[in-house]
Amino acid sequence: MSPETPDLRYPIGRFLPAEPVMPDEVNGWIDDIAALPADLRRVVYRLSKGQLDTPYRPGGWTVRQVVHHLPDSHMNSFIRFKWALTERRPLIKAYDEKGWAALADSRGPIDDSLDMLEALHGRWVRLLRSLRWPELQREFVHPESGPSTLAVAIGTYAWHGQHHLAHIERLLEREGWS
């Protein structure tokens, strides 16, 4: 891929946290998580059915599937955080993102998922802002990617939201829908 060719899979690049992760960085990531539901709603609220059913890239999910994927993924993350806060270094369960995106509910109207994301992020952000630095060093173990501290996981999910928001925004720009 040439420097002029954007990578449609990773429009904002991959998530690579600086080492060590600092509290101010985590606070910024929490702000990003808090802002995502309104940012996503602002970007997709005016899209037609046909636009919602357009893949963000060749071979990629549709905008509709991305909107439904975000609360699915972030709900899993919220539960992982609760496990890490109440259990010692839990082994979490992975889930089949592609399988979930293919289910009937991921082809339905997006309003419920937008509302779900807003409510979920409201609770999640309240939890995240209540945590002290030692709690943010607690870990869970993902069966595929290994251990992660809650501080790094916050960054991962802040990036994840921005990553998928950028998928949609870039599609709108490319298609002249913005």
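One structure accompanies this document, and this report is about it. (Residues numbered from 1 in each chain as written. Predicted model: local features only at pLDDT ≥ 70, side-chain atom pairs only at ≥ 80, totals over all residues. Heavy atoms only, no water.)

**Let's talk about the overall build of the protein chain**
Point 1. Along the backbone of the protein chain there are 7 helices and 2 strands.
Point 2. What you see for the protein chain is a C-alpha radius of gyration of 17 Å, in line with the 16 Å of a compact globule of 178 residues.
Point 3. When the backbone C-alpha atoms are referred to their principal axes, the protein chain occupies close to 45 × 40 × 30 Å.
Point 4. Counting across all 178 residues of the protein chain, residues that qualify as buried make up 44%.
Point 5. When contacts within the protein chain are restricted to residue pairs at least 6 apart in sequence, long-range pairs at least 24 apart make up 78% of them.
Point 6. Across the protein chain, the 22 positively charged side chains and the 24 negatively charged ones have centroids separated by 3 Å. (Helix = DSSP H or I, 4+ residues; strand = E, 2+ residues; numbered from the N terminus. Rg over C-alpha atoms; globule rule 2.2 N^0.38 Å. Buried < 20%, exposed > 50% of the residue type's maximum accessible area, 1.4 Å probe, protein only. Contact = heavy atoms within 4.5 Å. Lys, Arg positive; Asp, Glu negative; His and termini not counted. Charge placed at Lys NZ, Arg CZ, Asp CG, Glu CD.)

**Quick look at the layout of surface pockets**
Point 1. What the largest pocket holds in volume is close to 1,100 Å³.
Point 2. Around the largest pocket, the lining comprises 32 residues; the ones closest to its centre are Glu 97, Thr 156, Tyr 157, Trp 159 and His 160.
Point 3. Of all the elements, helix H7 (residues 150–175) adds the most residues to the lining of the largest pocket, at 9 residues.
Point 4. Looking at side-chain class alone, the lining of the largest pocket contains 12 nonpolar, 13 polar and 7 charged residues. (1 Å grid on protein atoms, 1.4 Å probe; cavity = no way out; pocket = protein on both sides within 12 Å on 5 of 7 lines; lining within 4 Å. Points joined across faces, edges and corners; volume = space filled by probe spheres on them. Nonpolar A, V, L, I, M, F, W, Y, C, P; charged D, E, K, R; others polar.)

**Quick word on the nonpolar core**
Point 1. Within the largest apolar cluster, 24 residues are counted, with the highest numbers of intra-cluster contacts made by Val 26, Ile 33, Phe 81, Trp 124, Leu 128, Leu 136 and Ile 154.
Point 2. Every element with two or more residues in this core is listed here: helix H1 (23–44), helix H3 (63–86), helix H5 (111–130) and H7.
Point 3. It is H7 that provides the largest number of residues to this core, a total of 7 residues.
Point 4. Excluding residues that lie within four positions of it along the chain, Trp 124 makes contacts with Ile 33, His 74, Ser 77, Phe 78, Phe 81 and Tyr 157.
Point 5. Core analysis: the second largest hydrophobic core is formed by 20 residues, Leu 47, Val 66, Val 67 and Leu 171 among them. (Core = buried A, V, L, I, M, F, W, Y, C linked by side-chain atoms within 4.5 Å.)

**As for unusual backbone geometry**
Note: most residues except glycine have negative phi, and most peptide bonds are trans.
Point 1. Between Glu 19 and the following residue, Pro 20, the backbone shows a cis peptide bond with an omega angle of -5°.
Point 2. Counting through the fold element by element, Pro 20 comes out in the segment before H1.
Point 3. One non-glycine residue, Arg 89, lies in the positive phi region at around 45°.
Point 4. Examined against the element boundaries, Arg 89 turns out to sit in the loop between H3 and helix H4 (97–102).
Point 5. Look at Arg 89 and you get partly exposed, because its relative accessible area is 41%.

**Some remarks on H5**
Point 1. Its 20 residues place the ends of H5 29 Å apart at the C-alpha level, agreeing with the 28 Å of an ideal helix rising 1.5 Å per residue.
Point 2. Within the span of H5, buried status applies to Ser 113, Leu 114, Leu 117, Leu 120, His 121, Trp 124, Val 125, Leu 127 and Leu 128. Viewed along the axis of H5, the buried residues span an arc of 155°, placing them on a single side of the element. Among the exposed residues of H5, those oriented more than 90 degrees off its buried face are Asp 112 and Arg 126.
Point 3. In this structure, the buried side of H5 is in contact with H1, H3 and H7. (Expected span 1.5 Å × (residues − 1). Arc of directions from axis to C-beta.)

Worth remembering: the numbers are spatial, not functional.
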